[in-house]
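# Coordinates in review
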Amino acid sequence: MSMMNAALVESFDEPPHFRSIPAPEAAPGQEVVDVLAVGVHRATKGIAAGKHYTSPKELPALAGADAVVRRADGSLAFVMPMGAGSLAERIVIDPATAIPVPDGADPAVLVATMNPALSSWAALRTRVPFRAGQSVLVHGATGNAGSMAVKVAKHLGAERVIAAGRNRTRLDELTTEGADDIVQLTPDQDATATALAKAAAEVDVALDYVWGPPTELAMRAVLEARTQHTRLLDWVQIGGMGGDTITLSGHAMRSNAFRVLGSGIGAVAMDVMQREFTELVAAIAAGGMSVRPRPFPLDQVEAAWAHQDAPGERTVILL
Ligand SMILES: NC(=O)c1ccc[n+]([C@@H]2O[C@H](COP(=O)([O-])OP(=O)(O)OC[C@H]3O[C@@H](n4cnc5c(N)ncnc54)[C@H](OP(=O)(O)O)[C@@H]3O)[C@@H](O)[C@H]2O)c1
């Protein structure tokens, strides 16, 4: 039996471990591919910790949620083998789900960038009727996904993007990366509400990476300041850095044309995802949208799991 190196989740309470396991064989209609790079994203860790809606039901299980792979014909592809894992020297894929990666693209940059970027791309392209010329609030803009949301919104034609977040240095950098206005989220709730009301009262879409109490405050501030109550505001829940729940009054829902919805892997049909992510891969490969990879080898998977990414970087395992 041929063996290969892999990272296995053996307990939800521990990081994945470096192990030797049997190499996979393709069933009819499948393809065995070489894995080149895998991202260690928040969702990747959440899945391996049993805390994600796609976490494995049985252990041990292969860690990893995405990969850039080399196919049998030599071409590169991006894959998200839902529920099956990706952190092994070789994995089996359904060729129909392989998203082509243009020649010359850097696998590490691509896998570092795809997960943060797809959060806003999927939201703006598939979840809301966003049109070029509209304005977007990014609530929680200083992390990788929020920062990419500023760039993605601009790339897709947003006329005005307001970046709201806690880290002032990162917010200032975002003004050179596409943000038209910034709002610092501080412990001073009145000052934060006033600043949000001033900058974001008339936005068409809010992309929310924070949720929890900060979102309750932001929603109240924006809704109370709106001058055109029938102008649609879509508030899209994408991340939960500030908490997983909010309290939302019926008054807020009735007093404006206001919709709250979520965007994630479970909310978008697979064929739509395939089409959209093919375009996103091409946009990232073309340059201008990237997260800096922080590479680790596969045999240091436990160190990779423990590494805290600096702003703008994402841990990536290279095989
Ligand atoms: N639904 C999807 O498709 C999808 C895809 C990718 C990511 N996500 C989610 O998006 C979120 C961010 O992911 P990421 O990859 O960007 O992680 P990240 O790069 O680690 O960024 C997270 C950032 O959140 C900020 N933050 C934490 N608590 C906050 C608070 N109370 N208020 C405001 N900002 C706060 C921190 O920035 P400061 O310290 O600078 O404030 C931190 O840098 C996660 O919840 C992730 O699961 C969802």
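Thresholds, definitions, all that
- Residues numbered from 1 in each chain as written.
- Predicted model: local features only at pLDDT ≥ 70, side-chain atom pairs only at ≥ 80, totals over all residues.
- Heavy atoms only, no water.
- Helix = DSSP H or I, 4+ residues; strand = E, 2+ residues; numbered from the N terminus.
- Buried < 20%, exposed > 50% of the residue type's maximum accessible area, 1.4 Å probe, protein only.
- Polar contact = N/O pair within 3.5 Å; in protein donor to acceptor, adjacent residues only side chain to side chain.
- Salt bridge = Lys/Arg side-chain N within 4 Å of Asp/Glu carboxyl O.
- Domains from an automatic or database assignment.
- Buried area = accessible area lost by both parts, 1.4 Å probe.
- Nonpolar A, V, L, I, M, F, W, Y, C, P; charged D, E, K, R; others polar.
- Patch = residues over 30% accessible without salt bridge, like charges linked within 9 Å, V, L, I, M, F, W, Y side chains within 5 Å.
- Areas by Shrake-Rupley, 256 points an atom, 1.4 Å probe, with all protein chains shown as cover.
- Phe/Tyr/Trp six-rings, centres within 6.5 Å; stacked < 30°, edge-to-face > 60°.
- Pairing = 2+ DSSP bridges.
- Axes fitted to C-alpha atoms, helices over the stretch in contact; angles between N-to-C directions.
- Contact = heavy atoms within 4.5 Å.
- Near = heavy atom within 4 Å.

Examined against the element boundaries, Gln274 turns out to sit in helix α8 (residues 270–285). By relative accessible area, Gln274 is classed as buried at 17%.

Now for the environment of Thr175. Tracing the backbone shows Thr175 in the loop between α4 (168–174) and β11 (181–184). Linking Thr175 and Val161, residues 14 residues apart in sequence, is a C-alpha distance of 9.7 Å. Here Asp172 takes part through its backbone oxygen, which lies 2.5 Å from a polar atom of the side chain of Thr175.

Moving on: the pattern of salt bridges. One pass over the structure, following the stated rule, counts 13 salt bridges. Close ionic contact of Asp309 with Arg314 constitutes a salt bridge, the shortest N to O distance being 3.3 Å. Residue classification places Arg314 among the buried residues on the basis of a relative accessible area of 9%. Connected through salt bridges with shared partners, the residues Arg125, Arg275, Glu276 and Glu279 form a single ionic network.

As a further point, take the domain arrangement of the chain. As far as domains go, the chain holds domain 1 (3–102 + 286–318) and domain 2 (116–266). Centre-to-centre, using C-alpha coordinates, domain 1 lies 30 Å away from domain 2. It is Tyr53, Met289 and Val291 that lose the most area in domain 1 upon contact with domain 2, and together they represent 43% of the buried surface on that side. The tally of links from domain 1 across to domain 2 stands at zero salt bridges. Inspection of the domain 1/domain 2 interface yields three residue pairs in polar contact (both at pLDDT 80 or more). A per-class count over the side of domain 1 that touches domain 2 returns six nonpolar, five polar and three charged.

Our focus in this paragraph is a nonpolar patch on the surface. Residues Leu248, Met253 and Val260 make up a contiguous nonpolar surface patch of about 200 Å² in total accessible area. Along the chain, Met253 falls in helix α7 (residues 250–255). Owing to a relative accessible area of 36%, Met253 belongs among the partly exposed residues under this scheme.

Moving on, we come to the packing of aromatic side chains. A full pass over the atoms with the stated rule returns one aromatic pair. Between Trp235 and Phe258 the ring centres are 6.4 Å apart and the planes differ by 80 degrees, which places this aromatic pair in the edge-to-face class. Note that Trp235 is positioned in strand β13 (residues 233–237) and Phe258 in strand β14 (residues 258–262), a separation of 23 residues in sequence. Assessed through its relative accessible area of 0%, Trp235 is described here as buried. Given the relative accessible area of 5%, Phe258 is considered buried.

With parallel pairing, six strands are arranged side by side in an open sheet as β11-β10-β9-β12-β13-β14. Each of the sheet's edge strands pairs with one partner strand only, and the pair in question is β11 and β14. Between one strand axis and the next, the sheet turns through 15 degrees on average, direction left out of account. Bridge count for strand β9 (residues 135–139) against strand β10 (residues 160–165) is five bridges, and the pairing is parallel. The residue of β10 that forms the bridge with Val136 is Val161. Sitting on the sheet, helix α3 (residues 144–155) is in contact with β9, β10 and β12 (205–208), with an inclination near 175 degrees to β10. Packed onto the sheet, helix α5 (residues 189–200) meets β9, β10 and β11 and runs at close to 165 degrees relative to β11.

Let us now look at the site of the ligand. In the region of the ligand, 19 residues are neighbours, and Arg42, Thr142, Ala145, Arg166 and Ser263 sit closest. Here Ala145 contributes a backbone N or O atom positioned 2.7 Å from an oxygen atom of the ligand. For the shell around the ligand, the elements supplying multiple residues, two or more each, are α2 (107–127) and α3. Looking at the shell around the ligand, its residues break down into five nonpolar, 11 polar and three charged.

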